[in-house]
Amino acid sequence: PVPIQVSAMVLADRVLFVAGPPAETEGSLTDGDDSRGALLTAFSATDGAELAQYPLDSPPVFDGIAAADGRLYLTALDGKVSCFGEGK
C-alpha cells in the first residue's frame, strides 16, 4: 500500500476508509495546493488487510468523509463532493 497523510477517515460496517495525499508529498493540506491528488484506501476493520485503493483528483478536506446508506461521501479541496457506492 502507498502511505498517505490521513486527512479523513470513517468506519462503515467493518471497513475503514482512509483518504489523503501521498505521504511523500511536501507541504501541508492547508497550503492550497490540491493539484497533487490523493488516495482513498479501504481496510478491513477485522484484520487490517487492504481491500482496495482508489486515486482521487484532489485531497479531501480535513474530516470531509461520511458514510450513509451503503454510500461513501467525500468532500475535496477542489470543492467537489464525490459519492462512492452501488448505483440504483
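Presented here is a report on the structure given in the accompanying data block. Owing to the predicted nature of the structure, the values given are computational and were not obtained by experimental measurement.

## A short note on the sheet that holds strand β6 (residues 71-76)
One open sheet holds the three strands; their spatial order is β5-β6-β7, and the pairing between them is antiparallel. The open sheet has two edge strands, β5 (60-68) and β7 (81-85), and neither has a second partner. Adjacent strand axes in the sheet meet at a mean angle of 20°, parallel and antiparallel pairs treated alike. Across five bridges, the pairing between β6 and β7 is antiparallel.

## Here we look at the pattern of salt bridges
All told, the structure shown has two salt bridges when counted by the stated rule. For arginine 14, the salt bridge is made with aspartate 13, and the minimal N-O distance between the two is 3.9 Å. An identical accessibility class is assigned to arginine 14 and aspartate 13; each is exposed. With a shortest N-O distance of 4.0 Å, aspartate 69 and arginine 71 are connected by a salt bridge.

## Observations regarding the sheet that holds strand β3 (residues 38-44)
Pairing is antiparallel in the open sheet, where four strands are placed in the order β1-β2-β3-β4. What marks the edges here is a single partner per strand, and that holds for β1 (8-12) and β4 (50-56). Each strand axis lies, on average, 15° off the axis of its neighbour in the sheet, ignoring direction. Pairing of β3 with β4 involves six bridges; the strand directions are antiparallel. Note on β4: the bridge partner recorded for leucine 40 is tyrosine 54.

## Considering the nonpolar core
Core analysis: the biggest nonpolar cluster contains 12 residues, these being Ala8, Val10, Phe17, Ala19, Ala38, Leu40, Ala42, Ala52, Leu56, Ile65, Leu72 and Leu74. Elements with a minimum of two residues in this core: β1, β2 (15-20), β3, β4 and β6. No other element matches β3, which puts three residues into this core. In this view, alanine 52 contacts Leu40, Thr41 and Ala42; residues no more than four positions away in its chain are not counted.

## Details of unusual backbone geometry
Positive phi, close to 60°, is recorded for aspartate 63, a residue that is not glycine. If you trace the backbone, aspartate 63 turns up in strand β5. A positive phi angle, near 50°, is found at aspartate 69, a position not held by glycine. Its place among the elements puts aspartate 69 in the loop between β5 and β6.

Calculation rules
Residues numbered from 1 in each chain as written. Predicted model: local features only at pLDDT ≥ 70, side-chain atom pairs only at ≥ 80, totals over all residues. Heavy atoms only, no water. Pairing = 2+ DSSP bridges. Helix = DSSP H or I, 4+ residues; strand = E, 2+ residues; numbered from the N terminus. Axes fitted to C-alpha atoms, helices over the stretch in contact; angles between N-to-C directions. Salt bridge = Lys/Arg side-chain N within 4 Å of Asp/Glu carboxyl O. Buried < 20%, exposed > 50% of the residue type's maximum accessible area, 1.4 Å probe, protein only. Core = buried A, V, L, I, M, F, W, Y, C linked by side-chain atoms within 4.5 Å. Contact = heavy atoms within 4.5 Å.

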